Amino acid sequence: MDATDPFETARRLLGAHLIGRAVTVRLTEVEAYAGERDPGSHAFRGRTARNEVMFGPAGHLYCYFSYGMHTCCNYVCGPDGEAAAVLLRAGEVIDGIGLARERRHTTVDRSLARGPACLTQALGIELSDKGVDLHATGSAVRVEWQAALPSDVIRTGPRVGVSGAGGDGDTYPWRFWVDGDPTVSAYRPAKPRRRPRT
DNA sequence: CACTGGATCCTT
DNA sequence: AGGATCCAGTGA
């Protein structure tokens, strides 16, 4: 499909299948990142070695390492040359659940892929998977589109953990999730950069 | 080169 | 509320 617009792509990714290393999830929560004009995006300050994949063609995987221990991943959107992407935040494990439990060291099934770093770990995705083509048959990580979800089951809200440059917090409703789904991650407000003086 | 902060998660 | 823990961006 045409993955030019990160917002439309985010909606289409809900319900789609993300296939990792012997584990598959049905995506239930994502966030859109608009690229160089978006203060919350890794591409806000332009092209670098790390975010180069975001500037490439749509349908590739952008992953990054965070907080010393976590890897998260994104679906890169187009057009080629623009750094839009969709952060894959949560999903329901629909295949390989035993392996997912081992990787996550938990038996709470709703939490196996609840949160972007958990999702990545459950699927066995590594930082070195950055750049793989998510629609090529031989790739270690793939996306299979499903029927678009009706708009009335898609809810939107502010993004998690993103502190916008224009002030305190991110006010754009660029987070999308499946209404009522137990695998959607808990909302946490962005941490302020500096401790606010009370 | 050194310094700093992060699209998080888990435990207290 | 805080700690784990390392990569990448920034500035000298």
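The structure presented is a predicted model; accordingly, all values stated were derived computationally and were not measured.

K.L.:
I'd love a proper account of unusual backbone geometry, names of residues and values included.
P.N.:
In this structure, P79 follows G78 across a cis peptide bond, with omega equal to -5°. By the secondary structure assignment, P79 is in the loop between β4 (70-76) and β5 (85-95). For Y67, which is not glycine, the phi torsion reads 55° and is therefore positive. Among the structural elements, Y67 can be located in the loop between β3 (61-66) and β4. With relative accessibility at 74%, the residue Y67 sits in the exposed group.

K.L.:
Can you tell me about the nonpolar core, naming the residues and giving the values?
P.N.:
One finds L18, Y75 and L88 to be the most contacted residues of the largest nonpolar core, which totals 35 residues. Elements supplying a minimum of two residues to this core: α1 (6-13), β2 (24-33), β3, β4, β5, α3 (116-123) and β8 (175-178). In this structure, Y33, A43, A83 and A85 belong to the second largest nonpolar core, which totals 13 residues.

K.L.:
Now, about the layout of surface pockets: what can you tell me, with residues and values included?
P.N.:
Roughly 1,400 Å³ of internal volume is contained in the largest pocket. Around the largest pocket, the lining comprises 40 residues; the ones closest to its centre are Y64, S66, Y67, V160 and G161. Within the residue set of the lining of the largest pocket, elements represented by two or more residues are β3, β4, β5 and α3. Residues belonging to the lining of the largest pocket are distributed by class as follows: 20 nonpolar, twelve polar and eight charged.

K.L.:
Just give me the short version of the protein's contact with DNA strand C, but keep the residues and values in it.
P.N.:
Lining the immediate surroundings of DNA strand C are R45, T48, R50, F65, Y67, G68, M69 and K191. Counting only the atoms of DNA strand C within 4 Å of the protein, the fraction contributed by sugar and phosphate is 72%. In this structure, a phosphate oxygen belonging to DNA strand C sits 2.5 Å away from a side-chain N or O atom of T48. Contacts to DNA strand C include G68, whose backbone N or O atom sits 3.4 Å from a sugar or linking oxygen.

K.L.:
Which residues make up α1, and what are the values?
P.N.:
Looking at α1, one finds that the buried residues are P6, T9, A10, R12 and L13. Projected down its long axis, α1 carries its buried residues within an arc of 165°, all on one side. Of the surrounding secondary structure, the elements contacted by the buried residues of α1 are β2, β4, β5, β6 (142-144) and β8.

K.L.:
Please set out the protein's contact with DNA strand B residue by residue, giving values where relevant.
P.N.:
Among the 20 residues in the neighbourhood of DNA strand B, the closest are listed as H42, Y64, H70, N74 and G115. Counting only atoms of DNA strand B within 4 Å of the protein, the fraction found in sugar and phosphate groups is 50%. The backbone of A117 places a nitrogen or oxygen atom 2.9 Å from a phosphate oxygen of DNA strand B. For the surface near DNA strand B, the elements supplying multiple residues, two or more each, are β4, β5 and α3. A per-element tally of the surface near DNA strand B places α3 first, with three residues. Grouping the amino acids of the surface near DNA strand B by side-chain chemistry returns nine nonpolar, seven polar and four charged.

K.L.:
I'd like a rundown of the packing of aromatic side chains, residues and numbers included.
P.N.:
In total, this model carries four aromatic pairs according to the counting rule given. Centroid distance Y172 to W174: 4.8 Å. Interplanar angle 20°. Geometry classified as stacked. When its relative accessible area of 41% is taken as the criterion, Y172 is described as partly exposed. Residue class for W174 comes out buried when judged on its relative accessible area of 16%. An aromatic cluster is built from F7, Y172 and W174, whose rings are joined through pairwise contacts. Against the face of Y33 rests R159, its NZ or CZ located 4.3 Å from the ring centre. Sitting over the face of the ring of W177, R175 holds its NZ or CZ atom 4.4 Å from the ring centroid.

Calculation criteria
- Residues numbered from 1 in each chain as written.
- Chains lettered and ligands numbered in written order.
- Predicted model: local features only at pLDDT ≥ 70, side-chain atom pairs only at ≥ 80, totals over all residues.
- Heavy atoms only, no water.
- Helix = DSSP H or I, 4+ residues; strand = E, 2+ residues; numbered from the N terminus.
- Buried < 20%, exposed > 50% of the residue type's maximum accessible area, 1.4 Å probe, protein only.
- Core = buried A, V, L, I, M, F, W, Y, C linked by side-chain atoms within 4.5 Å.
- 1 Å grid on protein atoms, 1.4 Å probe; cavity = no way out; pocket = protein on both sides within 12 Å on 5 of 7 lines; lining within 4 Å.
- Points joined across faces, edges and corners; volume = space filled by probe spheres on them.
- Nonpolar A, V, L, I, M, F, W, Y, C, P; charged D, E, K, R; others polar.
- Near = heavy atom within 4 Å.
- Polar contact = N/O pair within 3.5 Å; in protein donor to acceptor, adjacent residues only side chain to side chain.
- Arc of directions from axis to C-beta.
- Contact = heavy atoms within 4.5 Å.
- Phe/Tyr/Trp six-rings, centres within 6.5 Å; stacked < 30°, edge-to-face > 60°.
- Lys NZ or Arg CZ within 6 Å of the ring centre and 35° of its normal.

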